[in-house]
Amino acid sequence: MNALLATVVVAGTLLALALALTRLLRGPSQADRVVALDVVFSASVAMAAAAALATGRVLFLDVAVGLAVVGFVATIVWARLIDKSPEDPR
């Protein structure tokens, strides 16, 4: 049961990663790129949780918490940089 659940989580996460990376590279605005980066970090946390579920090792949960903290800080910093930048004339 755990292996099946981990497989479903990995499949959904890979789809989310593909879509987010597309938006990260092609996003028309910086705000789109910030949201895509946040999705990439969230998908990485989900992959670490799926690895913990599939293997039964708690170490992957520590990695997930670390990724969540780094993703949160990166999103806040990038959002503040966008807020301080001059307006785009588009």
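Residues numbered from 1 in each chain as written. Predicted model: local features only at pLDDT ≥ 70, side-chain atom pairs only at ≥ 80, totals over all residues. Heavy atoms only, no water.

## Observations regarding the overall build of the protein chain
Worth spelling out the cut-off: Secondary structure is summarised from DSSP: a helix means a run of H or I of at least four residues, a strand means a run of E of at least two, and numbering begins at the N terminus for each. Values of the radius of gyration come from C-alpha atoms, whereas the globule rule sets the reference at 2.2 Å times the count of residues to the power 0.38. The cut-offs for exposure are 20% and 50% of the maximum accessible area for each residue type, with area from a 1.4 Å probe on protein chains only; residues under the lower value are buried, those over the upper are exposed, and the others partly exposed. What makes two residues a contact is simply this: any of their non-hydrogen atoms within 4.5 Å. Exposure was quantified through the Shrake-Rupley algorithm and a 1.4 Å probe, taking into account, for residues, occlusion by the shown protein chains and nothing else. We count Lys and Arg on the positive side and Asp and Glu on the negative side, and we leave His and both chain ends out. Here the site of a charge means NZ on Lys, CZ on Arg, CG on Asp, or CD on Glu.
The number of helices and strands found in the protein chain is three helices and zero strands. For the protein chain, the sequential pattern of α-helices and β-strands runs α-α-α. Computed over C-alpha atoms, the radius of gyration of the protein chain comes to 16 Å, more than 25% over the 12 Å expected from 2.2 N^0.38 for 90 residues, which places it beyond the range of a compact globule. Overall size of the protein chain, expressed as C-alpha extent along the three principal axes, is 55 × 25 × 15 Å. When burial is assessed residue by residue, the protein chain has 19% of its 90 residues classed as buried. The contacts in the protein chain between residues at least 6 apart in sequence include a share of 54% that link residues at least 24 apart. Accessible area of the protein chain: about 6300 Å², with a carbon and sulfur share of 71%. If the 7 positive side-chain charges of the protein chain are averaged to one point and the 6 negative ones to another, these points end up 5 Å apart.

## Some words on the environment of alanine 49
Here alanine 49 is to be found in helix α2 (residues 30–55). Distance in space between the C-alpha atoms of alanine 49 and valine 73 is 20 Å, their sequence separation being 24 residues.

## Some thoughts on the side chain of threonine 75
For threonine 75, the location among the structural elements is in helix α3 (residues 59–84). Under the relative-accessibility criterion, threonine 75 is labelled buried at 16%. Discounting residues that sit within four places of it in the chain, threonine 75 has contacts with Val34 and Asp38.

## Looking at the packing of α2 against α3
Spelled out, the test is: To define axes, lines are fitted to C-alpha atoms, for helices over the stretch in contact only, and angles between the resulting N-to-C directions are given on a 0 to 180 degree scale. Working rule for angles: under 35 degrees goes down as roughly parallel, over 145 as roughly antiparallel, 65 to 115 as roughly perpendicular, anything else as oblique. Residue polarity is assigned by list, with Asp, Glu, Lys and Arg as charged and Ala, Val, Leu, Ile, Met, Phe, Trp, Tyr, Cys and Pro as nonpolar; anything else, Gly included, falls into the polar class.
Their axes nearest at 9 Å, the elements α2 and α3 cross at an angle of 175°. Our classification of the angle between α2 and α3 gives roughly antiparallel. Per-class residue counts for the contact of α2 with α3 are 19 nonpolar, five polar and two charged.

## What to know about α3
Our working definition: Take the number of residues in a helix, subtract one, and multiply by 1.5 Å to get its expected span.
With 26 residues, α3 should reach 38 Å at 1.5 Å per residue; the first-to-last C-alpha distance of 38 Å fits that figure. Along α3, the residues that are buried comprise Ala64, Gly71 and Thr75.

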